[in-house]
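So the chains spell out like this:
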Amino acid sequence: MKSRFILTLGLLTALLASCGPSAPTTDPSIALTAAFETAFAQLSAPTATPQITDTPVPTPTVPRTPPALPGTYQTSLLKSHDIPRAYVTDSCQYLKNKWDSTKSAPGTIVMVIMHHGINKGAASGNDVTVSVHKQIMNDLHESGFTAINMQQMADFMYDNAKIPQRSVLFIVDDRHFAEYFNDHWRPYFEQWGWSVVNGYIGIDERTDLWAENAALSAEGWVDYQSHGYIHNIPISEGSADDFIISEMQGAINSIQKYMNKTPIGYIWPGGGFSRRAVEIGPTLGYKLAFTVNQRGPVMYNWIPQADAVNASNPLAIPETPAGNPLMTIPRYWSANVRENIGNVIAIGDEAIAYAEQNKGVELEYYDIVCAPAYGPIP
Ligand SMILES: [Zn+2]
């Protein structure tokens, strides 16, 4: 195009030059400008639109066949019954969130940990000693983990919002004195900015205890979420709707009353849940809920769940019959954290490799099937 333009300009200049004797006063630069403008006008002049006399025949386009999407990443690093499940039903939205460079990179992983007591003496039951607790915290920090809170967790699990590539969500169950948090958790908030979730029991008693926990809540780094109202009767498949609602809504009411915040996370008391409770929870505003089942870490659109009771984990209630992985998220017991950190990291690394291996296919699928309606991936 450029060479044609120059050629045309050259011809016009030659033409002008040969059009008889020009007035000697003509400034050559003016003539050239005129020639240029003429040439330009010719080039940019609209060509006559041909009259359409017939129905236009559309150019035949070869429809592109979308490739088959790869399955959910599976791993031999989990027990065979603890099978990772996808929960995002809209595959276009999933792919867009997954490959959006402003969101969490594929392989971003969360180790959710359940804490009970931290004993200054010997460990008993579900508790750990102070020294083991310190070892857990140091191991996680040295392994590159960062603690997140419940809102970050929900934004990640729903939308793949950006969180640290190796994240940890600490959930302390039950009521504690402020001393518990000041002794065992505040140092990590002060050193590393780490927060801790407390599944608090909603029963409206002990206003003194509510007051000291409400003061911590106001500081922001102890993130209070719901752990039932009366708490001591776990929800089970036999639980009536009235009981489920009184437990789940009752905890919201108390936390709103004493702490002026609305919980979005539910920690199933005693690890008990049912299909009905898993259905009711989101209608009350819960975004996520947590079991006592130790099955593995979680990622965006990736939650290990079991279909049935199995010998490798006989006390764990199977989650898939309840029908919503986001409401039955597994947790590691604190006493088992140290021996599992390496496994969690390895799963994250495998997931990164699997995502990279499938990136081309997923982006091609997105381009064909999704991009027209969902737009380009940021
Ligand atoms: Zn409890």
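Up top is the structure.
Residues numbered from 1 in each chain as written. Predicted model: local features only at pLDDT ≥ 70, side-chain atom pairs only at ≥ 80, totals over all residues.

Engineer: What should I look at first to understand the nonpolar core in this one?
Structural biologist: Most often, soluble globular proteins have nonpolar side chains that are buried together. The biggest cluster of nonpolar side chains holds 67 residues, and the ones touching the most others in it are Val112, Ile113, Val168, Leu169, Phe170 and Ile171. When sequence neighbours within four positions are dropped, the list of residues in contact with Val168 reads Val110, Met111, Ile113, Leu140, Phe145 and Ala147. Tyr94, Leu95, Tyr365 and Tyr366 belong to the second-largest nonpolar core, a separate cluster that totals 5 residues. (Core = buried A, V, L, I, M, F, W, Y, C linked by C-beta atoms within 7 Å. Buried ≥ 20, exposed ≤ 12 C-beta atoms within 10 Å, placed from the backbone. Contact = placed C-beta atoms within 7 Å.)

Engineer: Quick question: what am I supposed to make of helix 4 (residues 130-142) here?
Structural biologist: Structural remark: α-helix, 3.6 residues per turn; residues separated by three or four positions point the same way. Across its 13 residues, helix 4 extends 18 Å between first and last C-alpha, which sits within 8% of the 18 Å expected from 1.5 Å per residue. For helix 4, every residue scored as buried is listed here: His133, Ile136, Met137 and Leu140. The arc enclosing the buried residues of helix 4, seen along the axis, measures out at 90°, which places them on a common side. Exposed and facing more than 90 degrees away from the buried side of helix 4 are Ser131, Asn138 and Glu142. Those residues of helix 4 that are buried are in contact with strand 3 (118-119), strand 4 (128-129), strand 6 (166-173), helix 6 (178-184), helix 7 (186-192) and helix 11 (337-374). (Helix = DSSP H or I, 4+ residues; strand = E, 2+ residues; numbered from the N terminus. Expected span 1.5 Å × (residues − 1). Arc of directions from axis to C-beta.)

Engineer: Sorry, what's going on with helix 5 (residues 150-159) here?
Structural biologist: The complete set of buried residues in helix 5 reads Met150, Gln152, Met153, Phe156 and Met157. Buried residues in helix 5, looked at end-on, bunch into an arc of 160°, giving them a common side. On its buried side, helix 5 packs onto strand 2 (109-115), strand 6, strand 7 (196-200), strand 8 (222-226), strand 9 (265-267) and strand 10 (288-290). With its phi angle positive at about 60°, Asn160 sits one or two positions after the end of helix 5.

Engineer: Help me understand the packing of helix 3 (residues 91-99) against helix 11 in this model?
Structural biologist: The angle between the axes and the distance between the axes are what describe a pair of packed helices. The contact between helix 3 and helix 11 brings their axes to 10 Å, and the two run at 115°. Relative to helix 11, the element helix 3 lies roughly perpendicular. The handedness of the crossing between helix 3 and helix 11 is left-handed. Within the contact between the two elements, helix 3 uses Cys92, Leu95, Lys96 and Trp99 and helix 11 uses Glu362, Leu363, Tyr365, Tyr366, Val369, Cys370 and Tyr374. Looking at side-chain class alone, the contact of helix 3 with helix 11 contains 9 nonpolar, no polar and 2 charged residues. (Axes fitted to C-alpha atoms, helices over the stretch in contact; angles between N-to-C directions. Parallel < 35°, antiparallel > 145°, perpendicular 65-115°, else oblique. Left-handed = near helix turned anticlockwise from the far one by under 90°. Nonpolar A, V, L, I, M, F, W, Y, C, P; charged D, E, K, R; others polar.)

Engineer: Even after reading the chapter, I still don't get the packing of helix 4 against helix 11, so can you show me in this structure?
Structural biologist: Interaxial distance between helix 4 and helix 11 falls to 10 Å at its minimum, and their mutual angle equals 15°. With respect to their mutual orientation, helix 4 and helix 11 come out roughly parallel. In the packing of helix 4 onto helix 11, the handedness of the crossing is right-handed. Judged by residue contacts, Gln135, Ile136, Asp139 and Leu140 of helix 4 engage Val337, Arg338 and Ile341 from helix 11.

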